[in-house]
Amino acid sequence: MNKFALPFLAILILMANSCADDDQTFDDDAVEILTGVDLTDIPYDPVAYDLNAPDSFPEMEIPADNPMTVAGQDLGRHLFYDPILSADSTMSCSSCHLPSASFTDNEAVSLGIDGVAGTRSSMSLLNIGYNFNGLFWDGRVLTLEEQALLPVEDAIELHNTWPNVVGKLQESEMYRTKFRQAFGIANSDEITKELTAKALAQFERSLVSSGNSRFDQVINLPSEDFEEDELMGYQMFFDLNGVNDAECFHCHEAPFFTNQLYINNGIENVPDLNSFPDIGYGAVTGLPFDNGRFRVPTLRNIEFTAPYMHDGRFQTLEEVIEHYNSGGHNAANLDTNMRELNMTEEQKAALLAFLKTLSDPDFMENPAYQNPF
Amino acid sequence: MKNLIFSAICLFSMLAFTSCDDDDNLQEGVTTSLALNFNAKYNSSDLNSASLTYHNYGGDKQIRFQRFDFYISNVSLYRNGETDVTELIEIDYVNLDDKNVDTKNVASVPIGSYDGIQFELGVVEDYNNMSPGDFSSGHPLSTNYWAGWQSYIFCRLEGNLDLVGMGNLEDEVGFTYHMGTNDLLRTIQLSKPITLTEGQAGDVDLFVDVRRALFDNDEFWDIESFNQTHDPSDSDHVLTATNIMDNLTKAISIE
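Residues numbered from 1 in each chain as written. Chains lettered and ligands numbered in written order. Predicted model: local features only at pLDDT ≥ 70, side-chain atom pairs only at ≥ 80, totals over all residues. Heavy atoms only, no water.

### What about the packing of aromatic side chains?
Residues and elements named next belong to chain A. All chains considered together, the criterion is met by 40 aromatic pairs over all chains. Geometrically, the ring pair formed by Phe80 and Phe203 is tilted, given 4.9 Å between the ring centres and 50° between the ring planes. Here Phe203 lies in helix H6 (residues 193-205) and Phe80 lies in helix H2 (residues 70-81), a separation of 123 residues in the sequence. The same class applies to Phe80 as to Phe203, namely buried. Both rings, one in Phe179 and one in Phe183, keep their centres 6.3 Å apart while their planes meet at 35°; by these two values the pair is tilted. Of this pair, Phe179 and Phe183 both sit in helix H5 (residues 173-183), 4 residues apart, which is roughly one turn of the helix. (Phe/Tyr/Trp six-rings, centres within 6.5 Å; stacked < 30°, edge-to-face > 60°. Helix = DSSP H or I, 4+ residues; strand = E, 2+ residues; numbered from the N terminus. Buried < 20%, exposed > 50% of the residue type's maximum accessible area, 1.4 Å probe, protein only.)

### Quick look at the pattern of salt bridges
Enumeration according to the criterion identifies 24 salt bridges over all chains in this entry. Arg293 of chain A is the salt-bridge partner of Asp290 of chain A, the closest N and O atoms lying 2.7 Å from each other. In this structure, Asp290 of chain A and Arg293 of chain A share a single accessibility class: buried. Notably, a salt bridge pairs Asp69 of chain B with Arg156 of chain B, separated by 3.6 Å at the nearest N-O pair. (Salt bridge = Lys/Arg side-chain N within 4 Å of Asp/Glu carboxyl O.)

### Quick notes on the side chain of Asn265 of chain A
All names here are of chain A. Assignment of secondary structure puts Asn265 in the loop between strand E1 (262-263) and helix H9 (282-285). What makes Asn265 buried here is its relative accessible area of 11%. A polar atom in the side chain of Asn265 sits 2.8 Å from the side chain of Tyr324. In this view, Asn265 contacts Met309, His323, Tyr324, Leu334 and Met338; residues no more than four positions away in its chain are not counted. (Polar contact = N/O pair within 3.5 Å; in protein donor to acceptor, adjacent residues only side chain to side chain. Contact = heavy atoms within 4.5 Å.)

Set out below in structure tokens:
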């Protein structure tokens, strides 16, 4: 049969059925009845959000079901800073992710609304939208939309329920307007936890480097050069020119200064793979070889995000450098790039100087990322 | 009445279209899916990277692996003496770090008979001259870039060599072999009849014998003396990287 026959026949049959019974009536019970506030008088005119990312960055992949808009980013920013998300309205996402600390909180571990301490350090959200290999220190969720759902109901963190949060958002005239402007919903009943998470994800995706760090300027502008110590540190970091290799770039590769993998960098002294106090990635994969492995964090703005490591055990970058210089504690899954580096004091200082070229104060001071309240 | 008229139109249309049948066009554009399975081996055993699986490395020595991954470019099926090429994959990343099989699924491959499969091991020059900023996040080339070599890392092979075979960490030497630069791009061509039929998903198994990558001229590579390939200005590093990539071309087979 010709390949056009079946589709044409199907169309004709559908046409026949559409005219078959003019007396058909609708079943009212099948229509969802919304009892909330009608929002259709509020204009919905989405404008695409410009990430304004540095040219040297890959293009951020945005999920098709959550395109970034100006209104969406704004809604997400409000939600991010609003303690409405917590059970007692005392804490928000920003309580642990402060712009002044490159969206960490400068604590070894964070405290929740009940004063209970978590077990891991708050991770920086800088460039988090480029992540493609899992979120959190252990990679337990894949997308920002999934991640945003968890802290609200985490008993240690915001200790709330999503029905509570959604109820408050639906009652708020400001949020009804912003949800309408962001997502085009027709009724306040359509404010859901999923839309809330999408808005938060849009805000988090907007957190992108300014491109004005010294490192970015030197790499991208012919007129800029490293200082002598910064240059030595750069060469050590990237294993260039036969200088004493610090092996850093193997995990902290440019442009994001993370390879987004999960490694054991030897901070824990354990007799075997089953003895790690925090098994990290191993809890997600179920593989013993992944025990004690954690996500490689970004080094951008590392100067502002002390303390360091998943549990905040190192207070200063000098301590971090000393750790890597030592080669770390051996383990079956110790990353093979870890080895004694035998750095001189001059080389350690040079490495520190280079790390500071990754500082981007413009990012932290960007008005688009600040508390709107 | 209206239904009767529409039914008549349907019947007439069916007859009209049927009379224009041309069975010779049926095979054109017929495709099926194809799974390319990259299997990591150590001789005939599974590689089992990222585990405490040890393999013999000559004498008392034994070896285990933590990472094994590589880029593939311009993957295609060929026939008629390679003059007829069906492109499958332009660029992808085979990750055998923590699994023994990485499958690349190709959705629409024309059915028919092929003589074999070919691909580049690494990143072709046009792409290798680019950098992560030229791609979207999540693209295989948005990561694995080595600024010092101005190249992508074509292949990573990392692990630990146990010098005395007792399974004690203190007796081990870690090795990190990272291969890249345009000079180390290698072409792989594997001859095997491959037939893809309508309505049946194709399946091709490729095997990478890591032992073969480290064993040449009747001896294992001296990992203890040459355990890194990081410095392009170091002739030992370059020699090691070149040897491993050359041996990898002989280590890949099809069944």
